[in-house]
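Structural description and commentary
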Amino acid sequence: PEKWKVNPEIVLREESDDWALLFDPSSGQVVGVNPVGALIWKFLVENTPLNEIPAKVKAEFADAPESVDDEVRAFFDNLIERGFIGIVNS
């Protein structure tokens, strides 16, 4: 399985409407995330295995689309590209 680590400098700021901002103070990058993205981020911080996250999202959001597996992966890949998550060589 893929080994990864959340960048410890990233700050999650939750807004009043359940949306959130992910902020990287070293690069100044800000990513706005919806409530699902905020939940995924929390699972990533807890080191939840990536392949378990879609089921957890479906459990939390009854209206999650069938494509949630692909969407979780796309969100994860986007965070890697931005440096919010790093791949760890084992």
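See the structure above.
Moving on to the packing of aromatic side chains. Applying the stated criterion across every chain yields a total of one aromatic pair. Pairing W4 with F76 gives two aromatic rings, centres 5.7 Å apart and planes at 75 degrees, and the pair type is edge-to-face. In this pair, W4 sits in strand β1 (residues 4–6) while F76 sits in helix α3 (residues 68–82), placing the two residues 72 residues apart along the sequence. For W4, a relative accessible area of 12% corresponds to the buried category.

Even without being a glycine, D18 presents a positive backbone phi close to 75 degrees. For D18, the position within the fold is in the loop between β2 (11–14) and β3 (20–23). Since its relative accessible area comes to 52%, D18 is described here as exposed. Within the chain, N47 stands out as a residue other than glycine whose phi angle is a positive 60 degrees. Inspection of the secondary structure assignment puts N47 in the loop between α1 (35–45) and α2 (53–60).

Okay, the pairing of β2 next. Looking down a regular strand, the side chains alternate between one sheet face and the other. Strand direction decides the pairing type here: β2 and β3, joined by four bridges, are antiparallel. Looking at the pairing, R13 lines up with L21 of β3. Taken together, β2 and the strand that follows it, β3, pair antiparallel across an intervening segment of five residues, in which D18 is found at a positive phi of about 75 degrees.

Moving on to α2. When we look at burial in α2, the residues that qualify are I53, P54 and V57. Buried residues of α2, viewed axially, fall in a sector of 100 degrees; they line one side. Opposite the buried face of α2, by more than 90 degrees, sit the exposed residues A55 and A59. Where the residues of α2 are buried, they touch α1 and α3.

Parameters and conventions
Residues numbered from 1 in each chain as written. Predicted model: local features only at pLDDT ≥ 70, side-chain atom pairs only at ≥ 80, totals over all residues. Heavy atoms only, no water. Phe/Tyr/Trp six-rings, centres within 6.5 Å; stacked < 30°, edge-to-face > 60°. Helix = DSSP H or I, 4+ residues; strand = E, 2+ residues; numbered from the N terminus. Buried < 20%, exposed > 50% of the residue type's maximum accessible area, 1.4 Å probe, protein only. Pairing = 2+ DSSP bridges. Arc of directions from axis to C-beta. Contact = heavy atoms within 4.5 Å.

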